[in-house]
Amino acid sequence: VQLQASGGGVVQTGDSLRLSCAASGRTFSSFRMGWFRQAPGKEREFVAVKRWSGGSTYYSDSVKGRFTISGDNAKNTVFLQMNNLKPEDTAVYYCAAGERTILSMMRSSDAVDYWGKGTQVTVSS
């Protein structure tokens, strides 16, 4: 299984970025796909998650209303649209896939089965 994240960069406060995660190596129809992030000196934290097959999306309180997770099943790709970025959004962002419940992934990164390599997002003030 391979999760390839891309799209990070250096932006200013209020700007937008779209992260992409290309998934390959197996069928993901039963998976939950999500994004986590890790800032320097902090633990990896949940950002957003959705079922590969569609349905509701879930977000951490810190990004709700600003970030949107979506997917293109035909291209085996998951996106994270990030709007109105803030300096506190600065972190390495990781694409994640897991077969456990949505709630499990929201509660702990231990629920993730597969990780992609991170992509750095830096928001300057």
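Residues numbered from 1 in each chain as written. Predicted model: local features only at pLDDT ≥ 70, side-chain atom pairs only at ≥ 80, totals over all residues. Heavy atoms only, no water.

Caption draft 1: A look at the overall build of the chain. Looking only at helices and strands, the chain features one helix and eleven strands. Listing every helix and strand of the chain by position from the N terminus yields β-β-β-β-β-β-β-β-β-α-β-β. Expressed as lengths along the three principal axes of its C-alpha atoms, the size of the chain is roughly 40 × 30 × 25 Å. For the chain, the residues scored as buried account for 41% of the 125 residues in total. A separation of at least 24 residues holds for 57% of the contacts in the chain among residues at least 6 apart in sequence. For the chain, the accessible surface area stands at approximately 6300 Å², while carbon and sulfur atoms represent 44% of it. Of the side chains in the chain, 15 bear a positive and 10 a negative charge, and the two mean positions are spaced by 4 Å. (Helix = DSSP H or I, 4+ residues; strand = E, 2+ residues; numbered from the N terminus. Buried < 20%, exposed > 50% of the residue type's maximum accessible area, 1.4 Å probe, protein only. Contact = heavy atoms within 4.5 Å. Areas by Shrake-Rupley, 256 points an atom, 1.4 Å probe, with all protein chains shown as cover. Lys, Arg positive; Asp, Glu negative; His and termini not counted. Charge placed at Lys NZ, Arg CZ, Asp CG, Glu CD.)

Caption draft 2: Layout of the nonpolar core. Ranked by size, the top nonpolar core spans 29 residues in total, and within it M33, W35, L80, M82 and Y93 carry the most contacts. Broken down by secondary-structure element, the contributors of at least two residues to this core are β1 (2-6), β3 (17-24), β4 (32-38), β5 (45-51), β7 (67-72), β8 (77-82), β9 (91-98) and β11 (119-124). V49, A96, I102 and V112 belong to the second largest nonpolar core, which has eight residues in total. (Core = buried A, V, L, I, M, F, W, Y, C linked by side-chain atoms within 4.5 Å.)

Caption draft 3: Representation of the pairing of β3 in the model. Where β1 meets β3, five bridges bridge the pair, whose relative direction is antiparallel. Considered in β3, the bridge of L3 is made with A23. Relative to β8, β3 is paired through six bridges, and the arrangement is antiparallel. Its bridge partner being in β8, L19 is matched across the sheet by L80. (Pairing = 2+ DSSP bridges.)

Caption draft 4: Seen up close, the packing of aromatic side chains. Following the criterion strictly, the structure yields six aromatic pairs and no others. Ring centres of F31 and Y114 lie 6.0 Å apart, and the angle between their planes is 35°; this geometry places the pair in the tilted category. Of the two residues, F31 sits in the loop between β3 and β4 while Y114 sits in strand β10 (residues 114-115), which places them 83 residues apart along the sequence. Under the relative-accessibility criterion, F31 is labelled buried at 1%. Relative to W115, the ring of Y94 lies with its centre 6.2 Å away and its plane at 80°, an arrangement referred to as edge-to-face. (Phe/Tyr/Trp six-rings, centres within 6.5 Å; stacked < 30°, edge-to-face > 60°.)

Don't take any of this as a statement about function, it's just geometry.
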